[in-house]
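Descriptive analysis of the structure
Now for the letters of each chain:
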Amino acid sequence: MKQKCRYLFSKNAFNSNAFTPGKEYAFSEEKAALGHQLFNDNMLSNNNNRSCATCHIPEKAFTDGLAKSMSLENSELARNAPSLNYAGYQHGQFWDMRKDDLEGQSSDVISNKEEMHGDLTIILAKINQDKNYQAAFKKIYHSQKAEVWQLQNVLASYIRSLAKFNSNFDEYMRGNKSAMTESQKRGFNLFVGKAQCAICHFIPLFNGTIPPTFKKTEQEVLGIAMNGENKTFDNDLGRGKFHETVAALQHSFKTPTLRNIHKTAPYMHNGGYKTLKEVMNFYNKGGGKGFGFKVDNQTLSDAPLRLTELEIDDIIEFMKALDDN
Ligand code: HEC
Ligand code: HEC
C-alpha cells in the first residue's frame, strides 16, 4: 500500500524508485541488506584488500576524510570521495555526473584500475560460489545465478537506503520548533536569503535536484581553486571533459547535498577547502571570479555577498542542523 505523504518535509516525501533505471530495479529492504553486506566485502576488489567502505566510511557520512582518495598504489586519485548519504536522490553520479544512476556508478568504481581494479565477471563467479550470497540473490531475483545488473542493483539499493531525513532541520520543519537553535534559524534565513545558497542547493534535498518536479540535477561553475588560499585555479574540467565543445560546461560540477556536511571535510571536488569557514570565505568573495580568476562561464554570482563574521558563523551553525541524527 502506498504510504500517505503529507507534505514536502514528510519522511517519505521522496520516492527513491523515481531515480532508478527501471521497474526491476525497485527498492526493497532485502536488496539494501544484501547490498550492505557486499559494500563491506573486500571480495569486490582485485586483491581482496579493499571494499567500498575503505573510502566511504559510515562515521564520516560515507567519505574518507582525505582531500583526494588513495589509489591502490597509494597515490592520489583525481578527486575527493563524496558522501553517499542522499546520493540516491540525484540524476547524475560522480562530481562530473558521468553516470546517470547508481547502478551505472558501481560498475565504474569496481572496474576502475586505480580504485578497486575488480572484474565484475570474476566477482560474480565468487558470489556464485558462495552459498550464502548465492541463496540471497536467488531469493530476491529468482534466477539460477547472480547477474551483473543484480549486483549493481543491490549495491545501489543500499546507497538509496542511506537517506534518513531525520536531521534537526527536518524535525523543525515537521513542527518541533525547539529542534533548531536561534543561531541556526538565523543561518537558515541567510541561507535562503542574503547568502543565496538555496538557489543551487535546493531545499529539502540541499543538492542540485530541481524542485518542484525533481527530474533533473544541475551542475554549476563556481571557479574553484586548488585550495582555500584561492591563489591557483583548479583546472579540472569536470563535466566539460565529456562536452569539449560546450563552453558553458567547462569546469562545471554537480551541486552536492549539504546534508551531513559537518562530517565530510575536506570540501569540494578536489578536497581543497579544509573547513566550512574556508568554503564560506570563497562564496563571500564571489567565487573564483571574486579572487581574480578568469572564469567567463561562472554561474555563481561574482558579486560579494558581504556576509559578516557573525552571519557566516550562523550559516555554518545552520548546516549543523542538516546532520542526520
Ligand atoms: C579508492 C577509494 C574508493 C573506493 C574503494 C570506492 N569509492 Fe566511491 N568514490 C570515490 C571517489 C574519489 C569518488 C568521486 C569520483 C569522481 O567524482 O570522479 C566516488 C564516487 C562514488 C559515488 C558517486 C556519489 C556522488 O554523489 O556522485 C558513489 C555512489 C560511490 N562512489 C559508491 C561506491 C561503491 C558502491 C563502491 C564499492 C563498489 C565505491 N564507491 C568504492 C572513492 C572510492
Ligand atoms: C551557483 C550555485 C551554487 C551556489 C549559489 C552555492 N553553491 Fe555550494 N556548491 C555548488 C557546487 C556546484 C558545489 C560543488 C563544487 C565543486 O566541488 O567543484 C558546491 C559545494 C558546496 C560545498 C562543499 C560540498 C562538499 O561535499 O564538499 C559546501 C559546504 C557548499 N557548497 C555550501 C554552500 C553555501 C553555504 C552556499 C551559500 C553561501 C552555497 N554553497 C552556494 C553550487 C552552489
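Residues numbered from 1 in each chain as written. Chains lettered and ligands numbered in written order. Predicted model: local features only at pLDDT ≥ 70, side-chain atom pairs only at ≥ 80, totals over all residues. Heavy atoms only, no water.

**Things to note about the site of ligand 2**
The local shell around ligand 2 holds 25 residues, among which Cys 197, Cys 200, His 201, His 269 and Tyr 283 are the closest. In this structure, a nitrogen atom belonging to ligand 2 sits 2.9 Å away from a side-chain N or O atom of His 201. At 2.6 Å from an oxygen atom of ligand 2 is found a side-chain nitrogen or oxygen belonging to His 269. Elements supplying a minimum of two residues to the shell around ligand 2: strand E2 (253-254) and helix H9 (276-284). Tallied by class, the residues present in the shell around ligand 2 amount to 19 nonpolar, 4 polar and 2 charged. (Near = heavy atom within 4 Å. Polar contact = N/O pair within 3.5 Å; in protein donor to acceptor, adjacent residues only side chain to side chain. Helix = DSSP H or I, 4+ residues; strand = E, 2+ residues; numbered from the N terminus. Nonpolar A, V, L, I, M, F, W, Y, C, P; charged D, E, K, R; others polar.)

**Some words on the domain arrangement of the protein**
The assigned domain composition of the protein is domain 1 (25-160) and domain 2 (168-320). The centre of domain 1, based on its C-alpha atoms, is set 27 Å off from the matching centre of domain 2. Listed as interface residues are 23 residues of domain 1 and, on the opposing side, 27 residues of domain 2. Around 2,100 Å² of area is buried between domain 1 and domain 2 when both sides are counted, 58% of it from carbon and sulfur atoms. For the domain 1 face of the interface with domain 2, the top three residues by lost area are Tyr 86, Trp 95 and Met 97, together amounting to 32%. For the pair domain 1 and domain 2, the interface holds 1 salt bridge. Asp 236 is paired through a salt bridge with Arg 79; the nearest N and O atoms lie 2.8 Å apart. (Domains from an automatic or database assignment. Contact = heavy atoms within 4.5 Å. Buried area = accessible area lost by both parts, 1.4 Å probe. Salt bridge = Lys/Arg side-chain N within 4 Å of Asp/Glu carboxyl O.)

**Let's talk about the coordination of the iron atom of ligand 2**
Of the protein atoms, only His 201 (NE2) and Tyr 283 (OH) coordinate the iron atom of ligand 2, at distances of 1.9 to 2.1 Å. Considering all 6 donor atoms around the iron atom of ligand 2, angles at the metal cover 87 to 179° and the coordination shape is octahedral. With His 201 in the loop between helix H8 (182-192) and strand E1 (219-220) and Tyr 283 in helix H9, this residue pair connects regions lying 82 residues apart in the sequence. Across the pair, Tyr 283 and His 201 agree in class, each one buried. (Donors = N, O, S within 2.8 Å, 3.2 Å for Na, K, Ca; no water. Tetrahedral: all angles 85-135°; square planar, octahedral: opposite > 155°, others 65-115°. Buried < 20%, exposed > 50% of the residue type's maximum accessible area, 1.4 Å probe, protein only.)

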